[in-house]
Amino acid sequence: MGEKREVKLFGMWASPFSLRVEWALKLKGIDYEYINEKDIPYKKSQELLHFNPITKKIPVLVHHGKPLPESTVIVEYIDEAWPNGFRILPLDPFERAQARFWARFADEKFLPIIFNVYTKTGEELKKAAKELQEALKNLEKALDGKKFFGGETLGYLDIIVGWIPYWLRVIEELTGAIIIDDETLPLMNAWFDNFLAVEIIKNTLPPKDEFYEFSRGRREEFMSGQLTLD
Ligand SMILES: N[C@@H](CCC(=O)N[C@@H](CS)C(=O)NCC(=O)O)C(=O)O
């Protein structure tokens, strides 16, 4: 679309939030410049602080010099600012509202529970794993027999919860907890596979070994209290 430099994304290679924005841009076919804030939260560029003085977090999308933070807001903006081609949100107002409901439910519910599974051990880990399975069973209802949450192709909710398959499988490896299998969550397990097989998704995910090592290191930092979730 020849808009390079008109669109900049401040992200971080291992951040699920910045991946949401990358997926949305790629699905729309929008060229963008990517600035990898790789040392976040320890170090942030002056440019990031200039563009996002409010939350000081990535991702930040800068379109024609105008900055926008917050991944869900950015994904919706991308869909509205580039209305042609791939549609992210459904056209039908009720379906749009439903997709937004599930996205909000997922952000409020999954982030804290998955963080618990990631950082707890023993009984606390078992409890968090059970709680996560229950929450995923609820989310399965939004699949409702479809290949993707969006239907035959990816949609808004797929983009918002799309970090879960890759992250959760690494977390299962790190902690030894088994959350997802065909017996307990068959539809969700099938969606994990379907989602991870989409070319644009697969090609944007962080390299496995590097990501595993990064997640292992961050887990130790969280467990020792060196890093906290705010
Ligand atoms: N709700 C935000 C969350 C963004 C977020 O937590 N970003 C993290 C990286 S994954 C960050 O920039 N942390 C820096 C900090 O907390 O100072 C979104 O969806 O964009």
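In the nomenclature of an unreviewed UniProt entry, the protein is known as glutathione transferase of Dioscorea cayennensis subsp. rotundata. Taken from UniProt, the Catalytic activity (unreviewed entry) comment for the protein reads in full: "RX + glutathione = an S-substituted glutathione + a halide anion + H(+)".

Colleague: Account for the overall build of the protein, naming residues and giving values.
Modeller: Scanning the protein from N- to C-terminus turns up 10 helices and 4 strands. Relative to its length of 230 residues, the protein is compact, with a C-alpha radius of gyration of 18 Å against a globular reference of 17 Å. Across its three principal axes, the protein shows a C-alpha extent of roughly 50 × 45 × 30 Å. Here the protein holds 230 residues, and the buried ones make up 49% of them. Considering only residue pairs separated by 6 or more positions, the protein has 69% of its internal contacts joining residues 24 or more positions apart. Element-wise, carbon and sulfur atoms account for 53% of the exposed surface of the protein, whose accessible area totals about 11,800 Å². Where the 31 positive side-chain charges of the protein centre and where its 37 negative ones centre are 3 Å apart.

Colleague: Run through the site of the ligand, naming residues and quoting values.
Modeller: Around the ligand sit Ser 15, Phe 17, Arg 20, Ile 40, Pro 41, Lys 44, Lys 57, Ile 58, Pro 59, Glu 70, Ser 71 and Asp 230, and those are all the residues in its vicinity. A distance of 2.6 Å separates an oxygen atom of the ligand from a polar side-chain atom of Ser 71. For the ligand, whose free accessible area comes to 520 Å², the fraction covered by protein is 76%. Residue composition of the shell around the ligand, grouped by class: 5 nonpolar, 2 polar and 5 charged.

Colleague: Can you explain the sheet that holds strand S3 (residues 60–63)? Please cite residues and give values.
Modeller: Across the sheet, which stays open at both edges, the 4 strands sit in the order S2-S1-S3-S4 with mixed pairing between neighbours. This sheet does not close on itself; its edge strands, each paired only once, are strand S2 (33–36) and strand S4 (66–69). Shown here is a sheet whose adjacent strand axes are inclined to one another by a mean of 20°, direction ignored. Direction of pairing for S3 relative to S4: antiparallel, over a ladder of 4 bridges. From the neighbouring strand, Leu 61 faces S4, where its bridge partner is Leu 68.

Colleague: If you had to explain the UniProt feature "domain: GST C-terminal" (unreviewed entry) in the protein to someone new, which residues and values would you point to?
Modeller: Under the present numbering, the feature "domain: GST C-terminal" (unreviewed entry) in UniProt falls on residues 92–214. Annotation note: span residues 92–214, helix share 76%, strand share 0%, distance between end C-alpha atoms 40 Å.

Colleague: Residue-level account of the pattern of salt bridges, with values.
Modeller: Considering all chains together, one arrives at 15 salt bridges under this definition. Note that Lys 8 is salt-bridged to Glu 47, the shortest N-O span being 3.2 Å. In this pair, Lys 8 is assigned in strand S1 (residues 7–11) and Glu 47 in helix H2 (residues 46–51), connecting sequence segments 39 residues apart. Here Lys 38 ties to Asp 39 by a salt bridge, and the two come within 3.3 Å at their closest N and O atoms. Given a relative accessible area of 32%, Asp 39 falls into the partly exposed group. Linked through salt bridges whose partners overlap, the residues forming this network are Lys 28, Asp 79 and Arg 87.

Colleague: Can you lay out the packing of aromatic side chains for me, pointing to particular residues and giving the numbers?
Modeller: Scanning the model with the defined rule gives 16 aromatic pairs in all. Between the aromatic rings of Trp 191 and Phe 192, the centroid separation amounts to 5.8 Å while the plane-to-plane angle is 70°, which identifies the pairing as edge-to-face. With respect to burial, Trp 191 and Phe 192 carry one shared label: buried. Through a chain of ring-to-ring contacts, the aromatic side chains of Trp 23, Phe 149, Trp 191, Phe 192 and Phe 195 assemble into a single cluster.

Conventions we followed
Residues numbered from 1 in each chain as written. Predicted model: local features only at pLDDT ≥ 70, side-chain atom pairs only at ≥ 80, totals over all residues. Heavy atoms only, no water. UniProt positions renumbered as here; feature names shortened; annotations may be inferred. Helix = DSSP H or I, 4+ residues; strand = E, 2+ residues; numbered from the N terminus. Rg over C-alpha atoms; globule rule 2.2 N^0.38 Å. Buried < 20%, exposed > 50% of the residue type's maximum accessible area, 1.4 Å probe, protein only. Contact = heavy atoms within 4.5 Å. Areas by Shrake-Rupley, 256 points an atom, 1.4 Å probe, with all protein chains shown as cover. Lys, Arg positive; Asp, Glu negative; His and termini not counted. Charge placed at Lys NZ, Arg CZ, Asp CG, Glu CD. Near = heavy atom within 4 Å. Polar contact = N/O pair within 3.5 Å; in protein donor to acceptor, adjacent residues only side chain to side chain. Nonpolar A, V, L, I, M, F, W, Y, C, P; charged D, E, K, R; others polar. Pairing = 2+ DSSP bridges. Axes fitted to C-alpha atoms, helices over the stretch in contact; angles between N-to-C directions. Salt bridge = Lys/Arg side-chain N within 4 Å of Asp/Glu carboxyl O. Phe/Tyr/Trp six-rings, centres within 6.5 Å; stacked < 30°, edge-to-face > 60°.

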